[in-house]
Amino acid sequence: MRESVDCCIVGGGPAGMVLGLLLARVGLSVTVLESQPDFDRDFRGDTLHASTLEMLDQIGLADRVLAMPHAKLRQMSIHAGQTSYLLADFGRLHSRYPYIAIMPQSEFLEFLCAEAGRYPGFRCLRRAPVTGLMEDGGRVSGVRFHQDGSERAIAANLVVAADGRFSRIRKLAGMQAQERAAPMDVCWFRLPRRETDGHDSGGFFVGSGRMLITIPRVTSWQIGYVFPKGDFGEVRAAGIDAFRTAIADTVPWLADRVSLIEDFTDVHLLNVKADCLRTWHRPGLLFIGDAAHVMSPVGGVGINAAISDAVATANVLGHPDHPCLADGPPPEALLAGIQRRRERPTRIIQAVQSRIQDVLVERAISGREFEVPGPVRALLAIPGIRQIPIRIFALGVTRARLEL
Ligand SMILES: Cc1cc2nc3c(=O)[nH]c(=O)nc-3n(C[C@H](O)[C@H](O)[C@H](O)COP(=O)(O)OP(=O)(O)OC[C@H]3O[C@@H](n4cnc5c(N)ncnc54)[C@H](O)[C@@H]3O)c2cc1C
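Residues numbered from 1 in each chain as written. Predicted model: local features only at pLDDT ≥ 70, side-chain atom pairs only at ≥ 80, totals over all residues. Heavy atoms only, no water.

S.K.: What is the right way to look at the domain arrangement of the protein in this model?
M.R.: By a widespread convention, an interface's size corresponds to the accessible area lost as its parts come together. By the assigned domains, the protein splits into domain 1 (2-180 + 273-395) and domain 2 (184-228 + 230-270). Here the C-alpha centre of domain 2 lies 27 Å away from the C-alpha centre of domain 1. Tallying the contact residues gives 27 residues for domain 1 and 28 residues for domain 2. Between domain 1 and domain 2 lies a buried interface of about 2200 Å² when both sides are counted; carbon and sulfur atoms form 71% of it. The largest per-residue losses of area from domain 1 upon contact with domain 2 belong to F43, H79 and I365, which jointly make up 32% of the total buried on that side. Where domain 1 packs against domain 2, one counts one salt bridge. For the pair domain 1 and domain 2, the number of links is six residue pairs in polar contact (both at pLDDT 80 or more). When contributions to the side of domain 1 that touches domain 2 are tallied by element, the ones reaching two or more residues are β4 (71-73), β5 (75-80) and α9 (332-364). When residues in the side of domain 1 that touches domain 2 are grouped by element, the largest group, six residues, is from β5. (Domains from an automatic or database assignment. Contact = heavy atoms within 4.5 Å. Buried area = accessible area lost by both parts, 1.4 Å probe. Salt bridge = Lys/Arg side-chain N within 4 Å of Asp/Glu carboxyl O. Polar contact = N/O pair within 3.5 Å; in protein donor to acceptor, adjacent residues only side chain to side chain. Helix = DSSP H or I, 4+ residues; strand = E, 2+ residues; numbered from the N terminus.)

Below is the structure:
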């Protein structure tokens, strides 16, 4: 069976789904192929920063998204021993949305998929893993995928790879990425929130050789257990009791509920890595989101970066002055233009993340006595300076504005 569309998007995560919606809104025929039956994956990045909410506001969707259950994260502090420092104050952002909305990614994606489905040219096929690329005269001309036990194919003027951090399309297209070392890995898990917790801001709690991140959700705390890279085997070998004790020692107000962590199946390991493709495109093929650049979890910006790519891509491909995607494959110069718009801000954010990892995270999990370095304390004491990384994480290096 062979069909053809203007744009075929591989992957229905934040990058793919937002792009699908934005291209369908300008009347293009778009098919999103998603390998899974649903979007329900645990700990898959649930942070909607101000720039994403501002973009949704531009297309009249922000209020409806914020009508769905979510928590608002306004501040993050770092706690080491008896001392605490305010690290992030999203309340000072110059935005209609001075906070991070914490919402299950699955619900956000279902909402976007339903919204895109209102446009005649949009279609999302689930349980449709892409298995191969079709080529025509050196140009990617479509994809092959499996569905309901049969091999199918879709021809497209443009294939967009938005298939995430383990991108199969990267491998199929032989794309090269530059990696950035990360000193840590993270275990994510959840514990219930209690009235007695007495606060709803997020925190970094430094313990001996580990750091815990607490992120408020509607009824629970999303908790990240940060430890030196590659040490998960040791964490596991020490046993679940030792794991529970380490949490209670580092964040004493969680001690009354660590027993709810039954075993390590309740814990989700994130192998932290960051990279960026050298080239994000080939004739007929463009990479966006994690498929183009995996982001470190510092600042919770993976979704933001993925959605900013989708906005930049829609601005170029949907722009009335540019050759219309419905008329044929876009010139590769246009795809190169999308990379130019997005690569520099992405690399700047990755550099800021690396700096924070080197100056704070690496020291915090080193096992040595930890104190926030003097120069950092001095900078944190100046609100204007303290806000710089927050503004970059929340609003991007350049604000993702829809130009359509
Ligand atoms: C444990 C963890 C915690 C995270 N926490 C945060 C956070 O707090 N904040 C934040 O901003 N980011 C976070 N991230 C990162 C964030 O989830 C990603 O940056 C973001 O989801 C990237 O969006 P994407 O659309 O590019 O890729 P993805 O969200 O990975 O979506 C890719 C989609 O492609 C589908 N797919 C894959 N292969 C195929 C195929 N062959 N055919 C068809 N479909 C395919 C997948 O099923 C998936 O739905 C976290 C990531 C992890 C793993």
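S.K.: What is the right way to look at the sheet that holds strand β7 (residues 100-102) in this model?
M.R.: What links the strands of a sheet is backbone hydrogen bonding, and the strands pair in either a parallel or an antiparallel sense. With respect to topology, three strands assemble into an open sheet ordered β3-β7-β4, the strand pairing being antiparallel. Strand pairing shows two members of the sheet lacking a second neighbour, β3 (47-48) and β4, which therefore form its edges. The sheet contact formed by β3 and β7 spans two bridges and is antiparallel. Bridged to L48 within β7 is A101. (Pairing = 2+ DSSP bridges.)

S.K.: Please clarify how the sheet that holds strand β13 (residues 184-192) should be interpreted in this entry.
M.R.: Here seven strands make up an open sheet; going across it, the order is β6-β5-β14-β15-β16-β13-β17 and the pairing mixed. Single-partner strands in this sheet number two, and they are β6 (83-89) and β17 (268-270). On average, each strand axis in the sheet is tilted by 20° relative to the strand beside it, whichever way the strands run. Pairing between β5 and β6: six bridges, direction antiparallel. By the bridge assignment, M76 is partnered in β6 with A88. Here helix α7 (residues 240-250) sits on the sheet in contact with β13, β14 (202-206), β15 (211-216) and β16 (220-228), set at roughly 105° to β16. (Axes fitted to C-alpha atoms, helices over the stretch in contact; angles between N-to-C directions.)

S.K.: Even after reading the chapter, I still don't get helix α2 (residues 50-58), so can you show me in this structure?
M.R.: When you tally the buried positions in α2, you get seven out of nine residues, the bulk of the element. Two residues or fewer after α2 comes G60, characterised by a positive phi angle close to 75°. (Buried < 20%, exposed > 50% of the residue type's maximum accessible area, 1.4 Å probe, protein only.)

S.K.: Hey, could you run me through the side chain of R386 in this one?
M.R.: Within the secondary structure, R386 is located in helix α11 (residues 383-395). It is D89 that comes nearest to the buried, bridge-free R386 among opposite-charge side chains, at 4.6 Å. Filtering out sequence-adjacent residues up to four positions away, R386 remains in contact with L86, L87, D89, R92, L379 and L380. (Lys, Arg positive; Asp, Glu negative; His and termini not counted.)

S.K.: Mind showing me how you'd approach the pattern of salt bridges here?
M.R.: Any two side chains of opposite charge can pair, so long as their charged atoms come close to each other. Under the criterion given, the structure shown has 22 salt bridges. In this structure, the salt-bridge partner of E3 is R123, at a minimum N-O distance of 2.8 Å. In this pair, E3 sits in strand β1 (residues 2-10) while R123 sits in strand β8 (residues 122-125), placing the two residues 120 residues apart along the sequence. Salt-bridge contacts for D256 lead to R194; the nearest nitrogen and oxygen are separated by 3.2 Å. Separated by 62 residues along the polypeptide, D256 in the loop between α7 and β17 and R194 in the loop between β13 and β14 bring together distant segments of the chain. Judged by relative accessible area, which is 33%, R194 ranks as partly exposed. Linked by salt bridges that have partners in common, R194, D197, D256 and R257 make up one network.

S.K.: Help me out: how do you make sense of the site of the ligand in this one?
M.R.: Taken together, 32 residues lie near the ligand, and E34, R41, R44, T47 and D290 sit nearest. Contacts to the ligand include V130, whose backbone N or O atom sits 2.9 Å from a nitrogen atom. For the shell around the ligand, the elements supplying multiple residues, two or more each, are α1 (14-25), β17 and α8 (302-317). Per-element tally for the shell around the ligand: the top contributor is α8, with three residues. Residues that form the shell around the ligand fall into these classes: 14 nonpolar, 13 polar and five charged. There are two domains that each give the shell around the ligand at least three residues, and those are domain 1 (2-180 + 273-395) and domain 2 (184-228 + 230-270). (Near = heavy atom within 4 Å. Nonpolar A, V, L, I, M, F, W, Y, C, P; charged D, E, K, R; others polar.)

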